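# Residue-level structural notes
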Amino acid sequence: MYQVIGTFRSRTLRVLWMLEELGVPYEHIQAGPHSDAVKNVNPDGKIPVLVAEGTALTDSSAILTYLADKHGGVTFPAGTIERARQDGLLHKVLDEVDAALWLATRHTFYLPQDQRMPEIKGPLIWEFSKTMRSMENILGDGPFLMGETFTVPDIVLTHCLGWAINAKFPVESDNLRAYIKRCRGRDAFKRAAET
Ligand SMILES: N[C@@H](CCC(=O)N[C@@H](CS)C(=O)NCC(=O)O)C(=O)O
């Protein structure tokens, strides 16, 4: 059985959500970054970690893609044009949304005090707003980023948008707000969020 290591209030939620979407059983070990439980399997101390077939897999997007391919769900098949578009969207979300939020988080409270540049948040918010306009265009009538099919980048973007709202990054578009609600309304998300 898969083991998911990481706290619920982190990128670990993405992995729990994917496993619920796929209907695959798993064990969830609640452990924070740099705890012994994490460092035993990932010396970097970062979460989430998925232990699959005795091997510790790291990076939430890599884990989601592995699970989607392995169980044949929440993705277009590898080697198709749709999959190339899906992966392009995943990388756009990682480059422009996840990276901005993580940089702001590090400079707000994660880095040692003397290494922080909290003023970086202003330019990051400016760029983030541009990205939100672009995401709104891509989403169009949706309902999901890839149209009718819910895929890996929807999990990552929905997770990031929740993070953005908590971090006071503006998500003002009604269309994107409705998208978050739609994705979070999925039974699999509700089950993951309850674990
Ligand atoms: N790109 C990685 C980032 C992993 C990551 O930075 N996780 C955070 C928690 S969400 C963490 O463990 N931070 C501790 C650290 O950076 O030392 C992923 O998507 O899994």
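Structure: above.
Cut-off values and rules
Residues numbered from 1 in each chain as written. Predicted model: local features only at pLDDT ≥ 70, side-chain atom pairs only at ≥ 80, totals over all residues. Helix = DSSP H or I, 4+ residues; strand = E, 2+ residues; numbered from the N terminus. Rg over C-alpha atoms; globule rule 2.2 N^0.38 Å. Core = buried A, V, L, I, M, F, W, Y, C linked by C-beta atoms within 7 Å. Buried ≥ 20, exposed ≤ 12 C-beta atoms within 10 Å, placed from the backbone. Near = placed C-beta within 6 Å. Nonpolar A, V, L, I, M, F, W, Y, C, P; charged D, E, K, R; others polar. Axes fitted to C-alpha atoms, helices over the stretch in contact; angles between N-to-C directions. Parallel < 35°, antiparallel > 145°, perpendicular 65-115°, else oblique. Left-handed = near helix turned anticlockwise from the far one by under 90°. Contact = placed C-beta atoms within 7 Å. Bend = angle between axes of the 7 residues up to and from the residue. Pairing = 2+ DSSP bridges. Right-handed = clockwise from strand over helix to strand, strands pointing away.

### Things to note about the overall build of the chain
A count of helices and strands for the chain gives eight helices and four strands. Reading the helices (α) and strands (β) of the chain from amino to carboxyl end gives β-α-β-α-β-β-α-α-α-α-α-α. Its C-alpha atoms give the chain a radius of gyration of 17 Å, near enough to 16 Å, the size a compact globule of 195 residues would have. Summarising its shape, the C-alpha atoms of the chain cover approximately 45 × 45 × 30 Å along the three principal directions.

### Concerning the nonpolar core
The biggest cluster of nonpolar side chains holds 45 residues, and the ones touching the most others in it are V15, M18, L64 and C160. Sorting the residues of this core by element identifies β1 (2-5), α1 (12-22), β3 (49-52), α3 (60-71), α4 (81-110), α5 (121-139), α6 (152-166) and α7 (174-184) as the ones contributing at least two each. Sorting elements by how many residues they give to this core places α6 first, with eight residues.

### A short note on the site of the ligand
Lining the immediate surroundings of the ligand are S10, R11, P33, G45, K46, I47, P48, D59, S60 and S61. Considering only residue class, the shell around the ligand consists of three nonpolar, four polar and three charged.

### Section: the packing of α1 against helix α8 (residues 187-194)
Following both chains from N to C, one finds α1 and α8 inclined at 130°, their axes separated by 8 Å at the closest point. Taken together, α1 and α8 sit at an angle that is classed as oblique. Note that α1 runs across α8; the crossing there is right-handed. Contact residues: α1 offers L13, L16, W17, E20 and E21, while α8 offers A188, F189, R191 and A192.

### Thoughts on unusual backbone geometry
Residues I47 and P48 are joined by a peptide bond in cis, for which omega reads 5°. Inspection of the secondary structure puts P48 in the loop between α2 (36-39) and β3. In this chain, G142 is followed by P143 through a cis amide linkage whose omega measures 5°. Tracing the backbone through its elements, the reader meets P143 in the loop between α5 and α6.

### Some remarks on α4
Considering bend angle alone, the principal kink of α4 is centred on L94 and spans about 35°. Tucked inside the fold, the buried residues of α4 contact α3, α5 and α6.

### Focus on the pairing of β1
Note that β1 and strand β2 (residues 26-29) share four bridges and pair parallel. Paired with Q3 across the strands is E27, a residue of β2. Crossover β1 to β2 through α1 is right-handed. Here three bridges tie β1 to β3, and the two strands are oriented antiparallel to one another. Across the sheet, the residue bridging to V4 is L50, located in β3.

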